[in-house]
Protein chains: 2
Amino acid sequence: MDKENFTIACFSNEYIGDDAAIAGKMVFNKDIFAQNSHFKLGWLSLEEIGYKAMIVNFSDTIVMNAKPKFALLGLSLPKSFTPRQIDELSRGINRACEEFGVKIIGGDTISSSILNISVSVIGELKGRAVLRKNAKFGDLVAFTGKLGGSQKGLNSLLRLAQISKNSRFKKPILRDKFFYKAAHLINSAMDISDGLKTDLGKLLKASKKGAKFTKKLSKFELSSGEEYEVLFTFSPKNLSAIKRIAAKTRTKINIFAKISHKRLRQNARSHHF
Amino acid sequence: MDKENFTIACFSNEYIGDDAAIAGKMVFNKDIFAQNSHFKLGWLSLEEIGYKAMIVNFSDTIVMNAKPKFALLGLSLPKSFTPRQIDELSRGINRACEEFGVKIIGGDTISSSILNISVSVIGELKGRAVLRKNAKFGDLVAFTGKLGGSQKGLNSLLRLAQISKNSRFKKPILRDKFFYKAAHLINSAMDISDGLKTDLGKLLKASKKGAKFTKKLSKFELSSGEEYEVLFTFSPKNLSAIKRIAAKTRTKINIFAKISHKRLRQNARSHHF
């Protein structure tokens, strides 16, 4: 049994089931970024950990077509952490916040056996919310950028090899510029955090649709998690407009499937090692 | 050096420094409730842990004069947890939410070595926000209910003794009914989470004032943390109106000090065992 899905079912209501919850013009989301679930100490510098903990949360806000505005920070810090280490972690957190214009407005700090960063983001919709559940029959299905780099980085780390500081595993790149401009042309979207195959399964389940692949993707592209590229669907009539926005924002767009009536049966599993 | 204050200083801005942060008509707050920081497994049932994790967060919202509306839940669950245990925890969480009319609108779940519950609450102001920093010269200083029970319960647990399920350590009682009715008569307030002496120090520091005790309080009353009674100050001209609301809502009010000009020097320390 999948404990994450069991837990979610304990709190089921109409707000739950997308990258973020919507209330009026505001959106709210929360993700934990924790040692031994998402990283081992030593794999990333504390500055990189702080940065990534924030970015992966902003990603959820952005793919709703909302601007992240405020964050609440729950820091469980190892007892052994020195002020210098706390300072390094906070530099990464603050760098991410400055890059996306987010203010930290509150939080809590406790001592713990492991580093656990829980982040809540409060965002404001920039227009119509883009949901997972609105994929339409005939939509083209695409993802931004390149997929696979995060898994490759993780594999290297698991082999105790070094990875570049620009590895996607260390430093996700968000597609906010493209997405905000294109959102009015997009029917459904989510970020790719558990792997394209799993996340497409979630989007199709939410939309009660299926998909037919029009392009062969590699195993890495299909399964690599924590990519934070955007998976999205749109009507073919918007293709040239979307291509123009992609060119203008220097965003690679990969069209790989088409939405069909038939519902894809798939068990969406979470990506945690 | 106090690592909590050091950490807070890393993220300092104008929103931080009260029980909750205010943005427009909304207030936001977040507290972590974690094994080995706030409780040992076995001290409280999982249902009691879930309930208390929520209540202590609602408390921060309420003392701002805001109604808790939504919550985001970050659950780090021990790998050994069974569905039955998750269900028990969620029953306590849901019971607290039903009692206060709060909806859980999102969150995240991971496996962890220890139980760590991070809760963010989104509340809506019911009128003017009540802040820590607005204590006025001549204000009477009071707290609701009785203090000391939480420390006594904790001491029993540390001696491996049993405590009643109604012990304040297990089940804080919030003063929302009294506080919402009296808020327009109150100048400053906060909840008592670190102990009356420490929390009064914080309120006076925020208000740049001092206080003169008019009543002798016991060591337990002064130092017991996690009480979640309300510490508040108000003009003597509102005394009879406040007493009427207290009687109507069956809330005990203890006036024990008066706000003075002189600033009390005190190092506010956090209450974690």
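Structure shown above.
What counts and what doesn't
- Residues numbered from 1 in each chain as written.
- Chains lettered and ligands numbered in written order.
- Predicted model: local features only at pLDDT ≥ 70, side-chain atom pairs only at ≥ 80, totals over all residues.
- Heavy atoms only, no water.
- Helix = DSSP H or I, 4+ residues; strand = E, 2+ residues; numbered from the N terminus.
- Buried < 20%, exposed > 50% of the residue type's maximum accessible area, 1.4 Å probe, protein only.
- Lys, Arg positive; Asp, Glu negative; His and termini not counted.
- Salt bridge = Lys/Arg side-chain N within 4 Å of Asp/Glu carboxyl O.
- Contact = heavy atoms within 4.5 Å.
- Buried area = accessible area lost by both parts, 1.4 Å probe.
- Polar contact = N/O pair within 3.5 Å; in protein donor to acceptor, adjacent residues only side chain to side chain.
- Pairing = 2+ DSSP bridges.
- Axes fitted to C-alpha atoms, helices over the stretch in contact; angles between N-to-C directions.
- Least-squares fit on C-alpha atoms with pLDDT ≥ 70 in both.
- Phe/Tyr/Trp six-rings, centres within 6.5 Å; stacked < 30°, edge-to-face > 60°.
- Right-handed = clockwise from strand over helix to strand, strands pointing away.

Novice: Outline the side chain of Asp31(A), listing residues and values.
Specialist: Examined against the element boundaries, Asp31(A) turns out to sit in strand 2 (residues 26-34). Comment: no salt bridge for buried Asp31(A); closest opposite-charge side chain is Arg132(A), at 8.4 Å. Those residues within four positions of Asp31(A) in sequence are excluded, and the remaining contacts are Val56(A), Asn57(A), Asp60(A), Ile117(A), Ser118(A), Val119(A) and Asp108(B).

Novice: Any chance you could break down the pattern of salt bridges for me, citing the residues and the numbers?
Specialist: Under the counting rule described, the total for this entry stands at 22 salt bridges over all chains. Here Lys103(B) ties to Glu14(A) by a salt bridge, and the two come within 2.9 Å at their closest N and O atoms. One end of the pair, Lys103(B), is in strand 4 (residues 103-112); the other, Glu14(A), is in the loop between helix 1 (3-10) and strand 1 (21-23), on a second chain. Here Glu14(A) falls in the exposed class, since its relative accessible area comes to 58%. Ionic pairing is found between Glu229(A) and Arg168(A), a salt bridge with its closest N-O pair at 2.7 Å. Here the residue Glu229(A) occupies a position in the loop between helix 7 (219-223) and strand 9 (230-234), and Arg168(A) occupies one in the loop between helix 4 (149-158) and helix 5 (176-182), the gap between them amounting to 61 residues. You can call Glu229(A) buried: its relative accessible area is 0%.

Novice: Help me get a handle on the interface of chain B and chain A, residues and values and all.
Specialist: At the junction of the two partners, chain B supplies 57 residues and chain A supplies 57 residues. It is Phe11(B), Lys30(B) and Ile105(B) in chain B that bury the most area against chain A; as a group they hold 15% of the surface buried on that side. Seen at the junction of chain B and chain A, the total is 2 salt bridges. At the surface where chain B touches chain A, the tally comes to 18 residue pairs in polar contact (both at pLDDT 80 or more). The set of elements that each furnish at least two residues to the side of chain B that touches chain A consists of helix 1 (3-10), strand 1 (21-23), strand 2 (26-34), strand 3 (66-78), helix 3 (83-100), strand 4 and strand 5 (116-125) of chain B. With 10 residues, strand 4 of chain B is the single largest residue contributor to the side of chain B that touches chain A.

Novice: Tell me what's going on with the sheet that holds strand 8 (residues 210-213) of chain A, and back it up with residues and numbers.
Specialist: Residues and elements named next belong to chain A. Pairing in this open sheet of 5 strands is antiparallel, and the strands run 7-9-6-10-8 from one edge to the other. Every interior strand has two partners, whereas the edge strands, strand 7 (188-191) and strand 8, have only one. Strand-to-strand twist across the sheet, computed as the mean angle between neighbouring axes with direction ignored, equals 30°. Here strand 7 pairs with strand 9 via 4 bridges, running antiparallel. Opposite Asp-191, over in strand 9, you have Val-230 as the bridge partner. Together, strand 6 (140-144), strand 7, strand 8, strand 9 and strand 10 (253-260) form the strand contacts of helix 6 (residues 196-207), whose direction differs from that of strand 7 by roughly 145°.

Novice: Could you give an account of the relation of the copies chain B and chain A, with specific residues and numbers?
Specialist: With an RMSD of 0.0 Å, the fit of chain B onto chain A corresponds to turning through 180° and sliding 0.0 Å along the axis. The superposition operator between the copies reduces to a two-fold rotation axis. When the interface residues of chain B are mapped onto chain A, 100% of them are again interface residues, pointing to one common binding face.

Novice: With reference to specific residues and values, describe the packing of aromatic side chains.
Specialist: Each aromatic ring pair is characterised by the separation of its centres together with the angle its planes make. Across all of its chains, the model carries 18 aromatic pairs over all chains by this definition. On the basis of an interplanar angle of 40° and a centroid distance of 5.0 Å, the ring pair of Phe33(B) and Phe39(B) is categorised as tilted. Here Phe33(B) falls in the buried class, since its relative accessible area comes to 2%. Accessibility expressed as a relative area gives 0% for Phe39(B), which makes it buried. Among the aromatic residues, those joined into a cluster by ring pairs are Tyr15(A), Phe28(A) and Phe70(B).

Novice: Before we move on, could you go through the environment of Ser111(B) and cite the residues and values that matter?
Specialist: The topology assignment puts Ser111(B) in strand 4. Sequence separation between Ser111(B) and Phe70(B) is 41 residues, and the spatial gap between their C-alpha atoms is 24 Å. When neighbours within four sequence positions are excluded, Ser111(B) is seen to be in contact with Ser37(A), Leu77(B) and Lys79(B).

Novice: Talk me through the pairing of strand 4 (residues 103-112) of chain A; I want residue IDs and the actual numbers.
Specialist: Residue and element names in this part refer to chain A. Burial analysis of strand 4 places 7 of its 10 residues in the buried class, the great majority of the element. Note that strand 3 (residues 66-78) and strand 4 share 9 bridges and pair parallel. Along strand 4, the bridge assignment pairs Ser-76 with Ile-110. As for the winding sense of the linkage, the β-α-β connection from strand 3 through helix 3 (residues 83-100) to strand 4 is right-handed.

Novice: Quick rundown of the sheet that holds strand 6 (residues 140-144) of chain B? Include the residues and the values.
Specialist: One key point about sheets: their strands pair by backbone hydrogen bonds, in either a parallel or an antiparallel sense. Residue and element names in this part refer to chain B. The antiparallel open sheet is built from 5 strands, whose spatial order is 7-9-6-10-8. Strand pairing shows two members of the sheet lacking a second neighbour, strand 7 (188-191) and strand 8 (210-213), which therefore form its edges. The sheet shows a mean angle of 30° between the axes of neighbouring strands, taken without regard to direction. Examined bridge by bridge, strand 6 and strand 9 (residues 230-234) share 4 bridges and lie antiparallel to one another. Among the inter-strand pairings, Ala-142 is bridged to a residue of strand 9, identified as Phe-232. Strands in contact with helix 8 (residues 239-248) are strand 6, strand 9 and strand 10 (253-260); relative to strand 9, the strand with the most contacts, it is inclined by about 150°.

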